[in-house]
Number of protein chains: 2
Amino acid sequence: MVRLSVDCMGGDHGPSITLPACKAFLARHPQAELLLVGKPEALTEAAHWPRCRIVTASEVVEMDDPVEVALRRKRDSSMRVAISQLKAGPDGASAAQACVSAGNTGALMAVSRYVLKTMDGIDRPALASVIPNQHGGFTTMLDLGANVDCEAEHLLQFAIMGSALVQAVDGKANPSVGLLNIGEEQIKGSETIKRTGEMLRTVAAAGHLNFYGNVEGNDIFKGTADIVVCDGFVGNVALKTAEGLAAMLVGFIKEEFKRGIYGKLAAVVALPVLNRLKARVDHRRYSGAALLGLRGLVFKSHGSADAFAFETALNRAYDAARNRLLDRVHDRVVETMQACPKPAAAADSAGDKAA
Amino acid sequence: MVRLSVDCMGGDHGPSITLPACKAFLARHPQAELLLVGKPEALTEAAHWPRCRIVTASEVVEMDDPVEVALRRKRDSSMRVAISQLKAGPDGASAAQACVSAGNTGALMAVSRYVLKTMDGIDRPALASVIPNQHGGFTTMLDLGANVDCEAEHLLQFAIMGSALVQAVDGKANPSVGLLNIGEEQIKGSETIKRTGEMLRTVAAAGHLNFYGNVEGNDIFKGTADIVVCDGFVGNVALKTAEGLAAMLVGFIKEEFKRGIYGKLAAVVALPVLNRLKARVDHRRYSGAALLGLRGLVFKSHGSADAFAFETALNRAYDAARNRLLDRVHDRVVETMQACPKPAAAADSAGDKAA
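Peer 1: Just give me the short version of the sheet that holds strand β2 (residues 32-38) of chain B, but keep the residues and values in it.
Peer 2: Residues and elements named next belong to chain B. In spatial order, the strands read β3-β2-β1-β4-β11-β10-β5-β6-β9-β7-β8; together these 11 strands make up an open sheet with mixed pairing. For this open sheet the edge positions go to β3 (52-56) and β8 (210-215), each flanked by a neighbour on one side alone. Pairs of neighbouring strands in the sheet enclose a mean axial angle of 25°, with direction left out of account. Two elements, strand β1 (residues 2-7) and β2, share six bridges in a ladder whose sense is parallel. By the bridge assignment for β2, R3 is matched with E33. Where helix α5 (residues 152-170) meets the sheet, its contacts fall on β5 (126-132), β6 (138-142), β7 (176-180), β9 (227-229) and β10 (289-292), and the angle it forms with β9 comes to roughly 160°. Taken strand by strand, helix α10 (residues 307-322) contacts β1, β2, β4 (98-101), β5 and β11 (297-300), and its axis lies near 145° from that of β1.

Shown next, in the form of structure tokens:
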């Protein structure tokens, strides 16, 4: 049995999206149980669902609530209560093995960090997600916005955590890690990136990581490496740039297929092909970012997720819990950090300064 | 009369691309003159073209030559000789008003900087290019890879130079500048970005710049601001990420329209629409990045440019020279820097450390 806690009130649409997703998820996974967290009056329809229990939370973190409000004022929010289910009780066991929320990213990261704390050996949690690549597979990318100012030590930790994630969830034995840079050569990039490259080569030489080398922005979609590591500023800009381009191109395609009689006729004929294309790049298929580096597995779905997208996030959380991602990340971190002597100066600057 | 110097040997294809582009350019612009720089034996066909003169250079900077080779060993390269045409003679006049090359970016930046020097008030030159947006217009973005570690002062300089570029070349009176960040709020982003935001607000309040505020990756294609400012690492990653996504989507479209009998039939019907779409996103239409901040106007075309793309770069250089971009950048820098008190500490750290 794997049990997930679900922040049913989070996201733009709350229970009207999360509950249908939970229902579909339960039907698909007979080995799964859910803790549905939220206001009981909003969750009445789920009151008698099998393998489900409603956990009451009286408050809701809104999508535009500042981090401080989520952290200090709304202490009984569905987000916080859902995350708290991951904390070990006196017997060492937790009520749930992973948590899923579509709530606002800043609040989710801050509350998760406050409630769960970071794992030994990890200075900062990171946000990891999968991005479709041209092989028909996925590239896992981190960090996507949790940390804006990163040192080489942090990027190394992201590499280790990303590697453990892909091993556990995608079942790849020795996934390759690429360091996002502005050229393939070792001499390229900022001082931080060059130092990260050195550390990754050291760790790889000791057999603790499959380091591909530097990759560039286009390699994310080429699928050159299984995992692409970058700081949260660069990751967030790259992801949103891609989203912006995709939106523009979809707009252009629609406009051209609506232009004039011929365009409209061509649209009718091309519709089945265009629909296949749409399904292929459907972003709901890769919903569900992992917050890595915490003492508990938290997954985030898009705030605007529909039921299908939210179910994808539930599936990812379920796979992670079932494959013991938390233990794997922990073991990989301990093992790799031993191989990588931490310079004294760097240890100082690697303090707790996450944005 | 506007005279451009052209590195005819640069790029992947040399004169086989640059000469047809020059010929088409001359036909289109009766007011333009060209200095064709390269090995005379490779340029014989242009020997008797009107409004043209061949300037001899005995060496060629190859696309994979390290910066040091371009800078120190090949002192008579077509790239260097073409750039040298921009230097003022004893009478204060230069042989050409702008230079165009499709040679390798690192070498072009280094040689330009060495030969021309940076403008007063500018610490580092930046690479600016236009990117199509969903309004059917263009967003100008800089820096795209010349500077990997930037301070706030550098980003401010990029904003001023970008603004002058759009005013001069696109004729916009008061173009808006967006600061690339991971959220719209002022409190978002790295320390450098937050400090840049403060400086841009100060300069804008004094009436020297139209500062829109923070923009995110997707705003590049939305056309939220006329100019998007970022450091060269982020700009390079964003641009290459977009190129990668575009390549993947084009691949998917081709695959789907080749799949099965129906897909092929649909492709035939949809072809005119797909061709319109292709023309609309044709990257050759926005070839020609400007190296800003030097004492001379240097434009760079893609190494893999075809004649059409190289001609676009010639057109951009011509427009820039005709509209006195160099003087405008200079005036804007002087005027704006007076409005922006340079802190003593920052002035120290803003030294000459370009990558």
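Peer 1: Just give me the short version of the interface of chain A and chain B, but keep the residues and values in it.
Peer 2: Many structure descriptions define interface size as the accessible area lost when the parts assemble. Counting residues at the interface gives 51 residues for chain A and 51 residues for chain B. Interface area for chain A against chain B, summed over the two sides, is near 4,700 Å², with a carbon-plus-sulfur share of 74%. Area buried by chain A at its contact with chain B is led by A:I182, A:F233 and A:R280, which between them contribute 14% of it. Where chain A touches chain B, the interface holds four salt bridges. A:E256 is the partner of B:R276 in a salt bridge, and the nearest nitrogen-oxygen pair spans 2.6 Å. Applying the counting rule to chain A against chain B returns 10 residue pairs in polar contact (both at pLDDT 80 or more). Going through the elements one at a time, α6 (191-205), α7 (219-222), α8 (232-256) and α9 (260-280) of chain A are the ones with two or more residues in the side of chain A that touches chain B. At 18 residues, α8(A) tops the list of elements feeding residues into the side of chain A that touches chain B. Here the residues of the side of chain A that touches chain B sort into 29 nonpolar, 13 polar and nine charged.

Peer 1: With reference to specific residues and values, describe the relation of the copies chain A and chain B.
Peer 2: It takes a turn of 180° to lay chain A on chain B, together with a shift of 0.0 Å along the axis; the resulting RMSD is 0.0 Å. In short, the pair behaves as if placed about a two-fold rotation axis. Looking at the interface residues of chain A, 100% of them are also at the interface in chain B, so both copies use one shared face.

Peer 1: Which residues make up the environment of B:S78, and what values do they have?
Peer 2: Residues and elements named next belong to chain B. Of note, S78 is situated in helix α3 (residues 78-84). Of the residues examined, S78 reaches a relative accessible area of 1% and is grouped as buried. Distance from S78 to V6, taken between C-alpha atoms, is 8.5 Å for residues 72 residues apart in sequence. Setting aside residues up to four positions removed in sequence, S78 forms contacts with D7, M9, G10, V37, G38, A57 and E59.

Peer 1: Which residues make up the nonpolar core, and what values go with them?
Peer 2: Residues A:L36, A:F257, B:L4, B:L36 and B:F257 are the most contacted members of the largest nonpolar core, which totals 238 residues. In this structure, B:F257 is in contact with A:A270, A:V273, A:L274, B:G263, B:K264, B:A266, B:A267, B:A270 and B:L274, ignoring residues within four places of it in sequence.

Peer 1: Lay out the domain arrangement of chain A in plain terms, naming residues and giving numbers.
Peer 2: All names here are of chain A. Split into domains, chain A comes out as domain 1 (1-116) and domain 2 (126-287 + 308-355). The C-alpha centroid of domain 2 is placed 26 Å from the C-alpha centroid of domain 1. Across the contact, 21 residues belong to domain 1 and 14 residues belong to domain 2. Interface of domain 1 and domain 2: buried area, both sides summed, is about 1,400 Å²; carbon and sulfur atoms make up 77% of it.

Peer 1: Give a detailed account of the side chain of A:E256, specifying residues and quantitative values.
Peer 2: Checked against the element boundaries, A:E256 lands in helix α8. Discounting residues that sit within four places of it in the chain, A:E256 has contacts with A:G263, B:V273, B:R276, B:L277 and B:R280.

Peer 1: Which residues make up the packing of aromatic side chains, and what values go with them?
Peer 2: Evaluation of the coordinates by the stated rule reveals two aromatic pairs over all chains. Stacked on the ring of A:Y114, the Lys or Arg A:K117 has its end atom at 4.7 Å from the ring centre.

Conventions used here
- Residues numbered from 1 in each chain as written.
- Chains lettered and ligands numbered in written order.
- Predicted model: local features only at pLDDT ≥ 70, side-chain atom pairs only at ≥ 80, totals over all residues.
- Heavy atoms only, no water.
- Pairing = 2+ DSSP bridges.
- Helix = DSSP H or I, 4+ residues; strand = E, 2+ residues; numbered from the N terminus.
- Axes fitted to C-alpha atoms, helices over the stretch in contact; angles between N-to-C directions.
- Contact = heavy atoms within 4.5 Å.
- Buried area = accessible area lost by both parts, 1.4 Å probe.
- Salt bridge = Lys/Arg side-chain N within 4 Å of Asp/Glu carboxyl O.
- Polar contact = N/O pair within 3.5 Å; in protein donor to acceptor, adjacent residues only side chain to side chain.
- Nonpolar A, V, L, I, M, F, W, Y, C, P; charged D, E, K, R; others polar.
- Least-squares fit on C-alpha atoms with pLDDT ≥ 70 in both.
- Buried < 20%, exposed > 50% of the residue type's maximum accessible area, 1.4 Å probe, protein only.
- Core = buried A, V, L, I, M, F, W, Y, C linked by side-chain atoms within 4.5 Å.
- Domains from an automatic or database assignment.
- Phe/Tyr/Trp six-rings, centres within 6.5 Å; stacked < 30°, edge-to-face > 60°.
- Lys NZ or Arg CZ within 6 Å of the ring centre and 35° of its normal.

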